[in-house]
Amino acid sequence: MKKLVLVDGNSIAYRAFFALPLLNTDKGVYTNAIYGFTTMLLKVLEEENPTHMMVAFDAGKTTFRHNTYKEYKGTRQKTPPELSEQLPFMRDVLKAFNIAHYEIENYEADDIIGTLATKAADSDFEVKVYTGDKDLLQLVSEKVKVALTRKGITNVDTYDLNLVDEKYGITPKQIIDMKGLMGDSSDNIPGVPGVGEKTALKLLKQFETVEGVYKEIENVSGKKLKEKLEANEESAYMSKKLATIEINAPVDIGFDEMKKEEPNHEALLSLFKELEFSSLLDRIGGSEIVEKEELEDLEITVVEEITSEMLVSPSSIVVEILDENYHNADIIGISVANKKGNYYIPTEKALTSDVFKEWAADKQREKWVIDAKRGVVSLGWKGIKFEGVTFDIQIASYLIDPSSSSHDMADIAKRNNAISVETDEAVYGKGKKRHIPAVEVLSQHLARKAASISELKEKLETELKDNHQYELFKELEMPLSIVLGKMERNGVAVDKNELVEMGEKLTATLKTIEAEIHELAGLSFNINSPKQLGEVLFEKLNLPVIKKTKTGYSTSADILEKLRDKHEVVEKILHYRQLGKLNSTYIEGLLKVIHKETGKIHTIFNQALTQTGRLSSTEPNLQNIPIRLEEGRKIRHAFIPEQSGSVILAADYSQIELRVLAHISKDKNLIDAFVNDLDIHTKTAMDVFHVTEEEVTSQMRRTAKAVNFGIVYGISDYGLSQNLGITRKEAQEFINRYFESFPGVKEYMENIVREAKENGYVTTMLKRRRYLPEINSRNFNQRSFAERTAMNTPIQGSAADIIKKAMVNMAEEMEKQELKSKLLLQVHDELIFEVVKDEIDLMSKLVRDVMESAVELDVPLKADVEYGATWYDAK
DNA sequence: CGAGACACGC
DNA sequence: GACGTACGTGTCTCGA
């Protein structure tokens with residue numbers, strides 16, 4: 001069977017351009033549309049495996065349709081130059097793929113496709129059309145299917161006769177009539193004003209065509225509608241004509257010319273390289289070739305015996321661990337680079353060498369590293385002190401631009417044009433294939449890493465200084481990494497039996513609920529499968545479908561919440577979900593990560609990940625232990641002090657983000673509220689609803705709280721509406737009223753967006769930086785998102801700065817006073833300590849003082865301190 | 001093995 | 001005129 005794939009080139013290019021962020025190459029060539037277009041081609045070739053293929057483009061500005069209606073596409077904005085400059089590259093891509101492309105004066109790509117699809121169907125081809133334009137659905141027939149881009153570019157819905165009927169309830173031919181009636185604003189086709197998709201479909205069901213409507217116009221129900229139709233009869237006929245795809249365009253390309261040939265592999269490789277499509281190079285199997293030609297062996301010494309001459313100051317050092325999790329993991333090799341040379345030290349040699357250990361522990365001998373914490377903690381587990389780290393290139397890279405996809409050595413080296421370092425994945429493999437390579441390979445790899453640290457240290461240091469971030473680096477993040485390392489290494493004690501017991505109870509309850517659900521549903525199924533659950537709820541039990549996801553019915557908690565009183569099984573499912581989450585993530589999850597030797601839990605804080613400057617925590621994530629619902633909160637009973645008699649002390653900042661907002665916006669009203677220590681949500685409610693304190697209802701306070709939440713997290717009117725279960729309009733109204741009450745905040749929001757547009761980035765109080773390239777995007781979504789980010793990042797990021805500062809100050813103070821208490825965890829606005837009995841009073845006061853004085857603001861900082869026998873009791 | 005749905009914290 | 005909307009981590013299912 002012959003199979004012809006026809007692609008609407010302009011339409012796909014447009015979709016790709018607006019769907020993807022504005023990527024560009026080192027040379028400044030924009031590539032997002034080319035990239036999207038290319039991934040789509042790859043996918044089509046893979047999935048369709050066509051015998052014939054052709055991409056049609058529009059030619060010129062005017063077409064025969066302009067003779068009918070000179071305003072055709074009159075409202076369409078000019079193609080942005082960032083996109084038009086990409087179009088020639090797409091033709092290059094097609095050429096390399098050996099795919100035909102075609103255009104004719106006076107006709108649109110649609111018409112070429114329509115003509116060829118019709119011809120091909122007659123010549124026994126199976127035809128598939130790829131486009132982002134719904135108009136093309138009129139071409140669907142027995143032999144012609146239309147793949148319509150859905151979200152992004154590679155995601156498509158394939159329309160055949162059935163699907164068109166299902167979605168619209170009409171035949172493909174009637175699509176034209178639909179457009180005739182409703183028009184198309186994007187093409188500036190007028191249609192009948194006041195008639196939208198719904199009305200058009202209703203009319204077509206009754207009268208079949210535009211002609212049918214007018215023939216029996218007296219039978220149209222609704223006086224207004226009839227009037228509108230009568231007044232715009234001419235427009236309707238013209239619109240139908242405009243929307244009709246020409247199937248007899250003067251196309252002079254034969255099917256022979258569309259035969260799909262093998263791609264020109266070399267041309268593709270060089271093109272992808274030029275465009276910097278590294279992930280696509282992988283897909284066409286070109287990455288090995290690329291890397292090999294770059295690497296030249298570095299001169300290294302494999303160390304037999306460590307001498308102090310090798311370990312001069314400063315030295316760059318790499319302590320390599322295969323495992324992502326470095327707690328008590330094997331060190332597979334160590335490399336050192338300095339002015340004496342590049343050294344590879346086999347692990348055993350290093351760990352048993354007194355020279356090495358002495359050097360490592362010597363604060364005076366400078367070390368430059370990548371991911372200091374990783375080295376310090378892993379050597380710590382081996383009983384080796386590692387001090388004197390003055391430069392961590394990972395943290396530097398993160399501070400310079402947190403948005404970089406990763407801050408590992410291969411990445412940093414590549415970004416900064418340093419000597420090339422292979423990716424860990426290329427050297428070690430991934431998944432099952434991960435392994436330690438031969439020593440020649442390993443030593444090269446590690447030596448290259450160490451050498452690139454030396455090579456780049458100064459460059460990044462200068463960049464930090466230029467950005468006024470050196471203090472942030474040197475005085476905050478570097479010392480913080482040591483503090484975090486100690487917290488991780490120390491770990492948190494847990495009551496294993498408590499967890500096991502809770503788990504047993506949960507498992508039993510879950511079994512009961514499961515049985516009840518199966519009983520109520522009348523069949524046994526996997527409640528954890530949203531797919532099966534959806535089928536049971538919406539097909540078997542016929543509950544109303546509120547929302548669909550792209551794979552089926554949505555069964556998320558907020559949807560189930562709305563179905564609560566429709567069927568008693570819903571409540572049970574919600575409960576089952578809640579307990580299931582507790583059991584699998586928290587009980588079983590935590591039991592799994594209890595360390596075999598220490599019996600404690602050792603998380604890893606990622607200090608170089610979030611875009612705002614917050615930390616994150618993994619394996620396990622100790623920043624999302626339940627607290628909101630009592631059943632989950634009980635998990636905190638299992639977090640206990642290591643030493644008997646000690647307590648868990650939790651200190652959290654009260655409203656730190658809103659206080660930061662008051663400070664940076666200088667809003668008088670907000671500053672007053674905090675200076676007078678008011679309940680901020682009540683105060684907001686009073687202002688937004690124009691009521692006195694006594695008149696504030698709990699509902700009002702709840703709304704005000706959600707508004708404050710929205711301000712802090714940078715959510716949109718939509719987000720707020722979802723949160724409160726109100727309409728978007730109402731949400732916008734609340735936001736407006738908020739800004740009326742806090743005009744300084746509004747001014748700040750406007751200024752920060754302007755600043756972001758001018759600089760391309762925003763900063764926090766301590767000069768943390770976040771770039772927002774999308775702030776000037778023409779894509780509404782991307783731009784709006786960047787604008788909200790501009791407003792939010794200084795707030796959330798400054799709060800992160802402040803608590804980090806408090807942590808560093810606290811560690812310093814505790815060391816100075818030689819306290820035995822320990823910092824265990826940080827949860828964004830909260831610090832958790834283990835406090836020995838005779839330090840309770842001292843620590844309670846000290847923690848509060850240190851947190852509240854971490855920085856000086858226009859409003860007071862407030863920290864609440866609580867302690868108890870377990871984390872649960874520290875409330 | 002990766003993507004998607006879902007749920008937890010701030 | 002629609003777009004599809006806080007972040008980060010982890011678990012489970014499901015289809016390739």
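Each chain carries its own residue numbering, running from 1 in the direction its sequence is written. To read the labels, note that chains go from A and ligands from 1, taken in the order they are written. Per-residue local features are limited, in this predicted model, to residues with pLDDT of at least 70; the limit for side-chain atom pairs, both in listing and counting, is 80 or more; totals at the level of whole chains, interfaces and linings are taken over all residues. Values shown for side chains rest on all heavy atoms present in the structure; no hydrogens or waters enter the calculation.

What fixes the domain bounds is an automatic or database domain assignment. For chain A, the domain assignment lists domain 1 (3-169 + 246-258), domain 2 (301-466), domain 3 (510-620) and domain 4 (668-741). Distance between the C-alpha centres of domain 1 and domain 3: 41 Å.

A few words on the sheet that holds strand β19 (residues 647-653). Within the open sheet, the four strands sit side by side as β22-β23-β19-β24. Their pairing is antiparallel. Looking at strand neighbours, the two that pair on one side only are β22 (822-826) and β24 (863-868), the edges of this open sheet. When the angles between neighbouring strand axes are averaged without regard to direction, this sheet yields 20°. A pair of strands is considered paired only if DSSP assigns at least 2 bridges between the two. A run of DSSP states H or I qualifies as a helix once it reaches four residues; a run of E qualifies as a strand once it reaches two. Both are numbered from the N-terminal end. With six bridges joining them, β19 and β24 adopt antiparallel strand pairing. Looking at the pairing, A650 lines up with E866 of β24. For helices, the axis comes from a line fit to the C-alpha atoms of the stretch in contact; other axes are also lines fit to C-alpha atoms, and the angle between any two N-to-C directions lies between 0 and 180 degrees.

With that settled, the discussion passes to the pairing of strand β2 (residues 52-56). Accessible area is worked out with a 1.4 Å probe on protein chains only. A residue is then buried under 20% of its type maximum, exposed over 50%, and partly exposed in between. Counting buried positions along β2 yields five of five residues, so the element is predominantly enclosed. A two-sided burial pattern is seen for β2, the buried positions comprising H52, M54 and A56 on one face and M53 and V55 on the other. Examined bridge by bridge, strand β1 (residues 2-8) and β2 share five bridges and lie parallel to one another. Across the sheet, residue V5 finds its bridge partner in β2, namely M53.

A few words now on the protein's contact with DNA strand C. Looking at DNA strand C, there are 27 residues lining it, with S529, K531, S616, E619 and Y718 nearest. Each atom of DNA strand C within 4 Å of the protein was assigned to sugar, phosphate or base; sugar and phosphate come to 58%. As used in this structure description, the phrase polar contact means that two N or O atoms lie within 3.5 Å; if the pair is within protein, one of them must be able to donate a hydrogen and the other to accept it, and residues adjacent in sequence are counted only when both atoms belong to side chains. Interatomic distance of 3.3 Å between a backbone N/O atom of Y713 and a sugar or linking oxygen of DNA strand C. Looking at the surface near DNA strand C, the elements that each hand over two or more residues are α25 (530-540), α27 (568-592), β18 (616-618), α32 (698-713) and α36 (780-816). Residues are grouped as follows: Ala, Val, Leu, Ile, Met, Phe, Trp, Tyr, Cys and Pro are nonpolar; Asp, Glu, Lys and Arg are charged; all remaining types, including Gly, are polar. Residues that form the surface near DNA strand C fall into these classes: seven nonpolar, 15 polar and five charged. Each residue is tested against the molecule or strand, and it is near if at least one of its non-hydrogen atoms lies within 4 Å.

It is worth spelling out the protein's contact with DNA strand B at this point. Lining the immediate surroundings of DNA strand B are 26 residues, of which T555, R577, N624, I627 and R628 lie closest. Taking all atoms of DNA strand B within 4 Å of the protein, the share assigned to sugar and phosphate is 87%. A distance of 3.4 Å is found between a phosphate oxygen of DNA strand B and a side-chain nitrogen or oxygen belonging to T549. At 3.0 Å from a base nitrogen of DNA strand B is found a side-chain nitrogen or oxygen belonging to K581. The element best represented in the surface near DNA strand B is α27, accounting for four residues. Split by residue class, the surface near DNA strand B holds eight nonpolar, 10 polar and eight charged.

It is worth spelling out the side chain of H663 at this point. The topology assignment puts H663 in helix α29 (residues 656-665). The contact rule is simple, with two residues in contact once any of their heavy atoms fall within 4.5 Å. Excluding anything up to four places from it in sequence, H663 contacts M765, E856, L857 and D858.

The six strands lie next to each other as β7-β10-β9-β8-β11-β12, forming an open sheet whose pairing is mixed. Of all the strands in the sheet, just β7 (301-302) and β12 (389-392) have a single pairing partner and so form its edges. Where strand β8 (residues 315-321) lies against strand β11 (residues 367-369), two bridges are found, and the strand directions are parallel. The residue bridging S315 from the neighbouring strand is K367, located in β11. Helix-sheet contacts for helix α22 (residues 439-466) involve β8, β9 (331-338), β10 (341-345), β11 and β12, and the interaxial angle to β8 is about 135°.

Moving on to helix α8 (residues 174-182). The buried fraction of α8 amounts to eight of the nine residues, a majority that puts the element mostly inside the structure. For α8, the complete set of buried residues consists of Q174, I175, I176, D177, M178, K179, G180 and L181. G183 sits one or two positions beyond α8 and adopts a positive phi of about 75°.

Excluding any residue in a salt bridge, patches collect residues exceeding 30% relative accessible area, merging like charges within 9 Å and nonpolar Val, Leu, Ile, Met, Phe, Trp and Tyr side chains within 5 Å. All accessible-area figures derive from a Shrake-Rupley calculation using a 1.4 Å probe, and residue coverage is judged against the displayed protein chains alone. Take a side-chain nitrogen of Lys or Arg and a carboxyl oxygen of Asp or Glu: if they are within 4 Å of each other, that pair is a salt bridge. Charge assignment: positive for Lys and Arg, negative for Asp and Glu; neither His nor the chain ends contribute. Charged side chains are reduced to one point each, which is NZ for Lys, CZ for Arg, CG for Asp and CD for Glu. The grouping of E227, E230, E233 and E234 at the surface amounts to a negative patch. Elements with a minimum of two residues in the negative patch: α11 (223-231) and α12 (233-243). Of note, E227 is situated in helix α11. On the basis of relative accessibility, which here comes to 43%, the residue E227 falls in the partly exposed class.

Attention now goes to the nonpolar core. Membership of the largest hydrophobic core comes to 183 residues, with the highest contact counts inside it found for Y738 and F833. Among the elements that make up this core, the one with the highest residue count is α36 (11 residues). When neighbours within four sequence positions are excluded, F833 is seen to be in contact with V647, I648, L649, M810, M814, K822, L823, L824, M843 and V847. We define the nonpolar core as a collection of buried residues of types Ala, Val, Leu, Ile, Met, Phe, Trp, Tyr and Cys that are connected through side-chain atoms lying within 4.5 Å of one another. Judged by nonpolar contacts, the second largest core, of 54 residues, contains Y107, A120, L139 and I175.

Next up on the list: α22. Between the first and last residue of a helix there are one fewer steps than residues, each counted as 1.5 Å, and that sum is the expected span. Here α22 is 28 residues long and its end C-alpha atoms lie 40 Å apart, about the 40 Å a rise of 1.5 Å per residue gives. We define the bend at any residue as the angle between the axes fitted to the seven residues before and including it, ending there, and the seven starting there. Roughly 40° is the biggest bend found in α22, and it falls at L456. Looking one or two places after α22, you find H468, whose phi comes out positive at around 60°.

Attention now moves to the pattern of salt bridges. A full pass over the atoms with the stated rule returns 44 salt bridges. Where K240 meets D177, a salt bridge forms, and the shortest distance between an N and an O atom there is 2.7 Å. Residue K240 is located in helix α12, and its partner D177 is located in helix α8; the two are separated by 63 residues in the primary sequence. As a salt-bridge pair, D672 and K668 come within 3.8 Å of each other at their nearest N and O atoms. Pair noted here: D672 and K668 are both in helix α30 (residues 668-675), with a separation of four residues, about one helical turn. What makes K668 exposed here is its relative accessible area of 63%. Three or more residues joined by partner-sharing salt bridges are found here, namely E477, R768, D801 and K804.

Right, let's get into the UniProt feature "domain: DNA-directed DNA polymerase family A palm" (unreviewed entry) in chain A. Following the UniProt record, one finds the feature "domain: DNA-directed DNA polymerase family A palm" (unreviewed entry) at residues 632-839. Note that residues 632-839 is 59% helix and 12% strand, and that its end C-alpha atoms are spaced 30 Å apart. UniProt positions are given in the numbering used here, feature names are shortened, and annotations may be inferred rather than shown by experiment.

Two quantities define a packed helix pair, namely the angle between the helix axes and the distance between the axes. Contact geometry for helix α35 (residues 743-759) and α36: axes closest at 9 Å, N-to-C directions at 110°. Classified by the interaxial angle, the pair formed by α35 and α36 is roughly perpendicular. As α35 packs across α36, the resulting crossing turns out to be right-handed. On α36, the residues that touch Y748, M749, I752, V753, A756 and K757 of α35 are R783, E787, A790, M791, P794 and I795. Looking at the contact of α35 with α36 residue by residue, the class counts come to nine nonpolar, no polar and three charged. Each angle receives one of four descriptions, namely roughly parallel if under 35 degrees, roughly antiparallel if over 145, roughly perpendicular if within 65 to 115, and oblique otherwise. Put simply, a crossing is left-handed when the front helix is turned counterclockwise from the back one by less than a right angle, and right-handed when it is turned clockwise.

To continue, consider unusual backbone geometry. Residues S313 and P314 are joined by a peptide bond in cis, for which omega reads 0°. In this fold, P314 is placed in the loop between β7 and β8. With omega at 0°, the peptide bond leading from E619 into P620 counts as cis. Within the secondary structure, P620 sits in the loop between β18 and α28 (630-633). One non-glycine residue, D677, adopts positive backbone phi at about 55°. For D677, the position within the fold is in the loop between α30 and α31 (680-689).

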